[in-house]
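Read off the chains here:
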Protein chains: 2
Amino acid sequence: MVYIGQKKRMVTLNNRDSLLRSASLLFRQKGYHGVALAEILKAADLPKGSLYYHFPGGKRELATEATLSAGRIVERSVSRAFESAGSFAQGMAAFCDVVADRLRSESPVEACPVASILQASTSEPELRDAARTVLTSWSEGLVLQAARLGHPAPHDAADMVLMQMEGAWLLAVAEQSARPFERLGEMYRKGTGI
Amino acid sequence: MVYIGQKKRMVTLNNRDSLLRSASLLFRQKGYHGVALAEILKAADLPKGSLYYHFPGGKRELATEATLSAGRIVERSVSRAFESAGSFAQGMAAFCDVVADRLRSESPVEACPVASILQASTSEPELRDAARTVLTSWSEGLVLQAARLGHPAPHDAADMVLMQMEGAWLLAVAEQSARPFERLGEMYRKGTGI
DNA sequence: CTTTCTATAGACCATATGGTCTACATCGGG
DNA sequence: CCCGATGTAGACCATATGGTCTATAGAAAG
């Protein structure tokens, strides 16, 4: 429970956030259709009533919000990694380190939030919109960073990085290790990146 | 029904293959957990009995075989694209064209067979093995091509290409267009690839 | 105290799902 | 003509799933 603003109005951000966090984690592990509501509810230790109170749209809405929320977290992580970089390649190397560290602490190694939701986008169009929104937002952030750091073709750089990141994430899930990000980071340090 | 070899033994490869094809298509569209057996059966126009005769292991076995089979198809496609290439970058550009062409003919644009199965690998470990097998096999093929074409770091090249391809495929699904592969191909032509 | 609004609690339901099992069709060989 | 092998047909089942609905708890406001 958390008091918001100066009003004494009590807002249960905790439980809503708890649902988002549990959902995000489970979706990344098993994909949208691979997770049952009961499982999310159990992880968050909340009854069904809470879920449908906070997310009247049910599983779809929960997944959408969880994806957008996870997307923002990754985005902040990108900004932070690039902040102190002297070049685009340095920024990428730093970001790869951050993701690799993160993945090393996960078992199983979880998929990219976007990838985990995208699978279901054929049956749930709303999810594709969420995935697209996040990817667009990541791309824009990367374009800005590339431009700021003097990259000659910021748009190409952003596209390429997005591909490499998503690909590396998929390989990491397959191998259940952070190696792909370590190797990608190394390549950027060697100057073999984009 | 198809006669195989000179023996007059009748082998119903058709129905088994039909199941594999329908399954592969649907899994790529909706992911492993997003497809019901009934749907696959309907697409192949076969009853449940046939499925469990050809694949006693049920959905898992069907998905495993479908993934391995689809993996081999992609692998042959890679070999063909690189065959007449004068450099690794040229081969990649050619392969991007092939995939882009292919995706343009699909609606919806379907995910990579590996990606579509990998989501479910947490609950179905057998699927992770299939995904890994395919990825390893692709990687080995790419290493050979890179070495043959005189790439200075064949292993790095293969890794990088795998990341870019999987990433581009994910972006293509999100955008529902072949653009990502067109752009990746362009970059290889411009020499901005690996 | 009572009312009202927020949020939790979970029983309940229609439907979908993967899987099993028995019956049967077809065909080559004896 | 029958027989065994291969493969098809689909009824049937236990279970799981997303979603709805009513009841209730607790704080804030009057």
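Given the structure is predicted, the values throughout are model-derived calculations rather than measurements.

Looking now at the protein's contact with DNA strand C. Around DNA strand C sit 16 residues in total, of which A:Asn15, A:Tyr53, B:Leu37, B:Lys48 and B:Lys59 are the nearest. Sugar and phosphate atoms form 62% of the subset of DNA strand C atoms that lie within 4 Å of the protein. A distance of 2.9 Å separates a phosphate oxygen of DNA strand C from a polar side-chain atom of B:Tyr52. Going through the elements one at a time, helix H3 (48–54) of chain A together with helix H3 (48–54) and helix H4 (58–83) of chain B are the ones with two or more residues in the surface near DNA strand C. Here the surface near DNA strand C gets five residues from one element, more than from any other, and that element is H3(A). Along the lines of polarity and charge, the residues of the surface near DNA strand C split into seven nonpolar, six polar and three charged.

Before going further, it helps to examine the state of the cysteines. Residues and elements named next belong to chain B. This structure, assessed with the given rule, holds zero disulfides over all chains. You can see Cys96 has no disulfide; the closest cysteine sulfur is in Cys112, sitting 14 Å from it. For Cys96, a relative accessible area of 0% corresponds to the buried category. Under the relative-accessibility criterion, Cys112 is labelled buried at 1%.

Attention now goes to the pattern of salt bridges. Pairing is possible between side chains that carry opposite charge, provided their charged atoms lie close to one another. Residues and elements named next belong to chain A. For the structure shown, the criterion picks out 26 salt bridges over all chains. The closest approach of N and O atoms between Arg60 and Glu124, which form a salt bridge, is 2.8 Å. Residue Arg60 is found in helix H4 (residues 58–83), and its partner Glu124 is found in the loop between helix H6 (113–118) and helix H7 (125–148); the two are separated by 64 residues along the sequence. Several salt bridges converge on common partners, so that one network encompasses Arg28, Arg102, Glu106 and Glu110.

Opposite the 40 residues of chain A that make contact, chain B presents 40 residues. Across the chain A/chain B interface, buried area totals approximately 3,500 Å², and carbon plus sulfur atoms make up 65% of it. When residues of chain A are sorted by the area they lose upon contact with chain B, A:Gln119, A:Met163 and A:Leu170 head the list and together hold 19% of the total. The interface formed by chain A and chain B includes six salt bridges. For B:Asp156, the salt bridge identified is with A:Arg183, shortest N-O distance 3.0 Å. Where chain A meets chain B, there are 15 residue pairs in polar contact (both at pLDDT 80 or more). When residues of the side of chain A that touches chain B are traced back to their parent elements, those giving at least two are helix H1 (13–30), H6, H7, helix H8 (154–175) and helix H9 (179–190) of chain A.

Rules behind the numbers
- Residues numbered from 1 in each chain as written.
- Chains lettered and ligands numbered in written order.
- Predicted model: local features only at pLDDT ≥ 70, side-chain atom pairs only at ≥ 80, totals over all residues.
- Heavy atoms only, no water.
- Near = heavy atom within 4 Å.
- Polar contact = N/O pair within 3.5 Å; in protein donor to acceptor, adjacent residues only side chain to side chain.
- Helix = DSSP H or I, 4+ residues; strand = E, 2+ residues; numbered from the N terminus.
- Nonpolar A, V, L, I, M, F, W, Y, C, P; charged D, E, K, R; others polar.
- Disulfide = S-S within 2.5 Å.
- Buried < 20%, exposed > 50% of the residue type's maximum accessible area, 1.4 Å probe, protein only.
- Salt bridge = Lys/Arg side-chain N within 4 Å of Asp/Glu carboxyl O.
- Contact = heavy atoms within 4.5 Å.
- Buried area = accessible area lost by both parts, 1.4 Å probe.

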